[in-house]
Amino acid sequence: MRLATAVVCLGLLLAAPFAEASTVRYTVKNRRIEPNQPMAVALQEAGLPPEQVGAVISALEGVFDFRKSRVGDQFRLVIREGELDFFDYRQSTVDEWQVRRDGDKYVGSKRSIEVEKQVGLVSLEINNSLYEAALEAGEDPIIGMVLADVFAWDIDFYRDVRRGDRARALVEKFVSKGRILRYGEVLAATYEGESVGTKRVFRYELPDGKASFFQEDGASARKAFLKSPLKYAHVTSRFGSRVHPVLKYVKAHNGVDYAASIGTPVWAVADGTVTVAHNTGAGGNTVCLRHTNGFETCYLHLSKYGAGVRAGARVSQKQVIAYSGNTGRSTGPHLHYALKRNGGFVNPLNQNFPRTEPLPKNLLPDFRAKVAPLAQQLDAVSVASASSQP
């Protein structure tokens, strides 16, 4: 929807003595990019003469990639006495470009946006969902995805979450003009849940520069397998016998079905090697991975495969290997996830995988020194919350 044109009149005194006040007329036009509307067309339809449209486009060449212009992008024209004085183009709070008149020419540039990194505390109480808890706390809902990533080895954020569960995290926040642009690293987090108990993890950078999460005693937060192949997923059909929705007879269901819209990222639950990456007929587009200790996982009914996913390729835990879909013998968009151990199907939902190697003993003193202040901050919030209870 286009915004109304604003006309601003500014009284400026002429330099010559005793001259009458002169009024310089400025016209400000605010517009949005419409569907199938190149920038040049948008400028023309905003009333900019063809020669000035060409001047703006020329000024931005090499500064802005016009192919990245998107529907809904905002731009503003400031016209002084019929001549373009200033052009401003905005895609987000940190992506803005401008063209200014400099004498007889126009100069284009990307506007420098000041971004500040802060460490802030996020405290959530879950009454309905992690998404709604974030909104109620005044946070960007994407923080739910961040926490799901941190606790992916211990918590299935669909099956394990209960009303009244609490989550707290010390998180890097990138802020501009008082607005959170994005979240950075989670430095420490705790989750207190009815079904999962208390989970508490700390980020620690290892000597090789890689960072991982560890419990307060130095035990790894990582496990060989994630709890789920999706960050958020609704289980629609469990492991075991069922009446097949297409074939209409009782058939063994050798996996778990998750409701997921087409295009939802599917990640590898563990490090492994791709053994299958093709259409398997009833299973549709399928990816299977071979893991250590006789484990194999398969992901069915996919819409497409992740970058570089092909037979023989190595993949890492949490790597996006595919995107959910509705291919093969399927009654609707979903992901079928199956787990095998030594050639036989097992229930993915009741497995208890061991944690990976703990911190070496020689690193424990440094680890404890670095996580102690983080733990104190988390505990201070917990004590404050408890003391506020009637």
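No experiment lies behind these values; they were computed from the predicted model shown. (Residues numbered from 1 in each chain as written. Predicted model: local features only at pLDDT ≥ 70, side-chain atom pairs only at ≥ 80, totals over all residues. Heavy atoms only, no water.)

Trainee: Sorry, what's going on with the overall build of the protein here?
Mentor: Across its full length, the protein carries five helices and 23 strands. Counting over 390 residues, the protein shows a buried share of 42%. Excluding contacts between residues fewer than 6 apart, the proportion of contacts in the protein whose partners are at least 24 apart in sequence is 59%. Summed over all atoms, the accessible surface of the protein reaches about 20700 Å², with 49% contributed by carbon and sulfur. (Helix = DSSP H or I, 4+ residues; strand = E, 2+ residues; numbered from the N terminus. Buried < 20%, exposed > 50% of the residue type's maximum accessible area, 1.4 Å probe, protein only. Contact = heavy atoms within 4.5 Å. Areas by Shrake-Rupley, 256 points an atom, 1.4 Å probe, with all protein chains shown as cover.)

Trainee: What is the right way to read the environment of Tyr 323 from this model?
Mentor: Checked against the element boundaries, Tyr 323 lands in strand 21 (residues 320–324). On the accessibility criterion, Tyr 323 (24% relative accessible area) is partly exposed. Tyr 323 sits 57 residues away from Val 266 along the chain, and the two C-alpha atoms are 5.4 Å apart.

Trainee: Just checking my understanding: could you explain the layout of surface pockets for this structure?
Mentor: It is the rolling of a water-molecule-sized probe over the atoms that shows where space remains empty. There is about 370 Å³ of room inside the second largest pocket. Residue lining of the second largest pocket: 22 residues in total, with Lys 223, Ala 224, Phe 225, Thr 292 and Thr 356 positioned closest to the centre. Partitioned by chemical class, the residues of the lining of the second largest pocket number eight nonpolar, nine polar and five charged. Counting only domains with at least three residues in the lining of the second largest pocket, you end up with domain 2 (116–214) and domain 3 (234–346). (1 Å grid on protein atoms, 1.4 Å probe; cavity = no way out; pocket = protein on both sides within 12 Å on 5 of 7 lines; lining within 4 Å. Points joined across faces, edges and corners; volume = space filled by probe spheres on them. Nonpolar A, V, L, I, M, F, W, Y, C, P; charged D, E, K, R; others polar. Domains from an automatic or database assignment.)

Trainee: Looking at this structure, how should I read the nonpolar core?
Mentor: Judged by nonpolar contacts, the single largest core of 29 residues is most densely connected at Val 287, Leu 289, Tyr 299 and Ile 321. Those elements that place two or more of their residues in this core are strand 15 (256–259), strand 16 (265–267), strand 18 (285–290), strand 19 (295–305), strand 21 and strand 22 (334–341). Residues contacting Val 287, with those up to four places away along its chain left out, are Val 276, Thr 297, Cys 298, Tyr 299, Leu 302, Tyr 305, Val 309, Ile 321 and Ala 322. Of all hydrophobic cores here, the second largest spans 26 residues; its members include Ile 126, Phe 157, Tyr 191 and Val 196. (Core = buried A, V, L, I, M, F, W, Y, C linked by side-chain atoms within 4.5 Å.)

Trainee: Please clarify how the side chain of Thr 273 should be interpreted in this entry.
Mentor: You can see Thr 273 is positioned in strand 17 (residues 272–279). At a separation of 3.0 Å, a polar atom in the side chain of Thr 273 contacts the side chain of Arg 314. (Polar contact = N/O pair within 3.5 Å; in protein donor to acceptor, adjacent residues only side chain to side chain.)

Trainee: Hey, could you run me through the state of the cysteines in this one?
Mentor: Disulfides are covalent bonds that connect the sulfur atoms of two cysteines. Taken as a whole and judged by the stated rule, the model has one disulfide. Note on cysteine connectivity: Cys 288 is disulfide-linked to Cys 298, with sulfurs 2.1 Å apart. One quick way to see it: the torsion about the S-S bond of Cys 288 and Cys 298 is about 110 degrees, and its sign makes the bridge right-handed. A residue pair is termed long-range when its members are at least 10 positions apart, and Cys 288 in strand 18 and Cys 298 in strand 19 qualify at ten residues. (Disulfide = S-S within 2.5 Å.)

Interpretation in functional terms is not warranted from these geometric data alone.
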